[in-house]
Amino acid sequence: MSLKRLSIFAPQPHTTRASPTHLSVDPKGERIAYASGKSVFLRSIDDPSVCTQYTGHTAVVNVARFSPSGYYVASGDASGKVRVWDCVGEEMVTKGEFHIISGPIKDLAWDGESKRIIAVGDGKERFGHCITFDTGNSVGEVTGQSSVINSVSIRQQRPYRAATASDDQTLVFYHGAPFKFNSLLKGHHTNFVHGVAFSPDGAYFVSVGADRKIFLFDGKEGTLKAEIKDEGMHKGSILSVSWSPDSKRFATASADQSVKLWDAESQTLIKTWSFGPGGSIQDHQVGVVWIPRADDIIISLSLSGDLNYLSPTSDKPTRIVAGHQKPITALERTSSKTLLTGSTDGTVSSWDIAKGTAEVIQGDGHTNVIAAFIETTPDTVSSVAWDDQLRTITKGKFSASTPTDSQPKGASLLDTSKLVILTATELRIYNTTTAPPSLTTTQKLSFTPTALATSSTGEIAVAAQDRVIRIFTYSTSSGLQEKTSITLSRSFATSLAYSPDGTYFAAGDSTGLVALYTTNGYTKKTNRWAFHTARVEDISWNAAGTHVATASLDTNLFIYSVENPGKNAKVKNAHMGGINAVRWVDEETVVSAGNDGAVKRWEVTLPD
């Protein structure tokens, strides 16, 4: 047996309200780089399902930038460290790690020779530093500002110049290299300065801020050329700016839910793209990058994480790439071979497995951690979450809901008309032929439940913190009846799963052991599946009932064989931070989702 990664369906960039999120594009205009959690994702612009993930950081990453050569990426994290790594090879070897400031890195910039980096942020002794990319040697000082620096840009031609933008309402202009303070540009902005960017030809640099103002400066001398004043000025904080490859235009992204295109020579507005209904916070535009290629594509970033592809010839986005920004906690494959994923913020997405693209389910959805999905009919999926709601998803939208009265621990389908939901205090059975499903049976629990599974033969397994797994049967006439129980020796079970034909029963515990039982008397078949080193989060059977996929907090993914319990296939560090869910797509493919917010597809080679 073997496992091989086929693709990564990446999470969306991490965003913060009223704060810029910096995006970067490679020199060829093929890939976009951004940070999400403790990872950096390099994602194809034309095919977002083609993606690579860098997991070298141990703290939350705030920014990642391609070098002008296209061979390296520099990324800065919340601990004040900058890591430089190879972005060409598959192994993404780290070139160096450098501690810059005693606080989060907010932005960084490369010089035109791809040899020097200026990194800035919110430090204590200093707010930034200039280093060489390979050794970390000092090549200048970042001085002159008294508050957090939000943005930095370096002129790509000699003589080198640099500019930094700060919350103290100022810009500092530097000469280099080595980079030295030249002048303090104050009295222009009247609020936080969020963005600064040199034009590709080095003739100008532009600054934008929370005061909704845009200033244009000479790129070589640092003198003010003009303040852009137009009837179409932004009505909210301007958070990001990016130049066109020809240096004649630039785009700005604002919290007024718009992206605007400006002419640098005439200082006039060319075009405006507006997003969402008025007052929609999730449609605030917090980042923008202009792609250096012939089709003139601009990519803007919404606070929701959506990447919007904009063209100067179109009034609406030509494409929107959506997905998750938070850890994914629930995963289900539907009969139509789409994937449903749910995250800790209540977002639910539907994925086209072949294309690797997602659509966020719209409507009155969940507001907390998604616990489980259950497909009740080919067109209907039920979802439960920590907002104590059972909601129905029909044709891509939330259509109905009913309360579960306490926090759901799991959900499973007993038969075509009966949905079983395990909460913190009860075992509840719903009739799925009504919309929303109607509650028919409840049973109070005298123990603290941890996991749920149902079999095709009508049995319900409930695990508890007392290390006992109780097996129930259910009928309309007699209700829920306890049939038998299994007492575990090491720890309590955290995940349960019956084989498709109900012959076998697998139980994973909080220490990483997965035990296999036959359902004829619930006798143990094997306890040799003990290779996980942390809590088992999910267990999934293939359709043939011959192999089991297991997901764990230890970040590892395993495939076990029922016939040969000693045989297994594994992937270490499959998801940074742990795997929360795994499902078989077919006999040759499994998908997994985890705390890194990504969905990953794996090719499984089973023995003949």
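Now for a quick tour of the structure. Quick caveat, the model's predicted, so the values are computed rather than measured.

**Some words on the nonpolar core**
Judged by nonpolar contacts, the single largest core of 21 residues is most densely connected at Ile299 and Leu307. When residues of this core are traced back to their parent elements, those giving at least two are strand E3 (31-36), strand E26 (285-290), strand E27 (298-302) and strand E28 (307-310). Aside from chain neighbours lying at most four places away, what touches Leu307 is Gln12, Pro13, Leu23, Tyr34, Arg43, Ile299, Ser300, Leu301, Arg319, Ile320 and Val321. Ala451, Ala463, Ala493 and Phe505 belong to the second-largest nonpolar core, a separate cluster that totals 16 residues.

**Considering the sheet that holds strand E53 (residues 568-571)**
Ordered by their spatial adjacency, four strands build an open sheet running E50-E51-E52-E53, and the pairing between neighbours is antiparallel. At either margin of the open sheet sits one strand with a lone partner, and together these are strand E50 (536-541) and E53. Pairwise comparison of adjacent strand axes, ignoring direction, gives a mean angle of 15 degrees for this sheet. For strand E51 (residues 547-552) and strand E52 (residues 557-561), the ladder comprises five bridges, and the chain directions are antiparallel. Bridge pairing links Ala549 to Ile559 in E52.

**So, the environment of Gln325**
By secondary structure assignment, the location of Gln325 is in the loop between strand E29 (319-321) and strand E30 (328-333). Its relative accessible area of 18% is what places Gln325 among the buried residues. Look past the residues within four positions of Gln325 in its chain and what remains in contact with it is Gln12, Pro13, His14, Thr15, Ser36, Leu303, Ser304 and Gly305. Side-chain polar atoms of Gln325 contact the backbone oxygen of Pro13, separated by 2.7 Å. A polar atom in the side chain of Gln325 sits 2.9 Å from the side chain of Thr15.

**Things to note about the side chain of Arg249**
Locating Arg249 in the fold gives a position in strand E23 (residues 249-254). Side-chain polar atoms of Arg249 contact the side chain of Asp296, separated by 3.1 Å. Ignoring any residue separated from it by four or fewer positions in sequence, one finds Arg249 in contact with Trp243, Ser244, Leu261, Trp262, Ala264, Ile270, Trp290, Asp296 and Pro312.

**Describing the packing of aromatic side chains**
Enumeration according to the criterion identifies 18 aromatic pairs in this entry. With 4.1 Å between their ring centres and 5 degrees between their planes, Tyr54 and Trp85 make a pair best called stacked. Here Trp85 lies in strand E8 (residues 81-86) and Tyr54 lies in strand E5 (residues 51-54), a separation of 31 residues in the sequence. For the pair shown, Tyr54 and Trp85 are each scored as buried. Ring geometry for Tyr504 against Trp541: centres 6.3 Å apart, planes inclined by 15 degrees, an arrangement best described as stacked. Here Tyr504 is found in strand E47 (residues 504-509), whereas its partner Trp541 is found in strand E50, with 37 residues between them in sequence. Residue Trp541 is classed as buried on the basis of its relative accessible area, which comes to 9%. Taken together, the aromatic side chains of Phe173, Phe198, Phe205, Phe215 and Phe217 make up a single cluster linked through ring pairs. In this structure, Arg319 packs its charged tip against the face of Tyr309, placed 5.8 Å from the ring centre. We note Arg470 situated over the ring of Phe447; from NZ or CZ to the ring centre the distance is 4.0 Å.

**Re a negative patch on the surface**
A cluster of acidic residues, Asp586, Glu587, Glu588 and Glu603, forms a negative patch at the surface. Counting through the fold element by element, Asp586 comes out in strand E54 (residues 579-586).

About the thresholds
Residues numbered from 1 in each chain as written. Predicted model: local features only at pLDDT ≥ 70, side-chain atom pairs only at ≥ 80, totals over all residues. Heavy atoms only, no water. Core = buried A, V, L, I, M, F, W, Y, C linked by side-chain atoms within 4.5 Å. Buried < 20%, exposed > 50% of the residue type's maximum accessible area, 1.4 Å probe, protein only. Helix = DSSP H or I, 4+ residues; strand = E, 2+ residues; numbered from the N terminus. Contact = heavy atoms within 4.5 Å. Pairing = 2+ DSSP bridges. Axes fitted to C-alpha atoms, helices over the stretch in contact; angles between N-to-C directions. Polar contact = N/O pair within 3.5 Å; in protein donor to acceptor, adjacent residues only side chain to side chain. Phe/Tyr/Trp six-rings, centres within 6.5 Å; stacked < 30°, edge-to-face > 60°. Lys NZ or Arg CZ within 6 Å of the ring centre and 35° of its normal. Patch = residues over 30% accessible without salt bridge, like charges linked within 9 Å, V, L, I, M, F, W, Y side chains within 5 Å. Areas by Shrake-Rupley, 256 points an atom, 1.4 Å probe, with all protein chains shown as cover. Salt bridge = Lys/Arg side-chain N within 4 Å of Asp/Glu carboxyl O. Lys, Arg positive; Asp, Glu negative; His and termini not counted. Charge placed at Lys NZ, Arg CZ, Asp CG, Glu CD.

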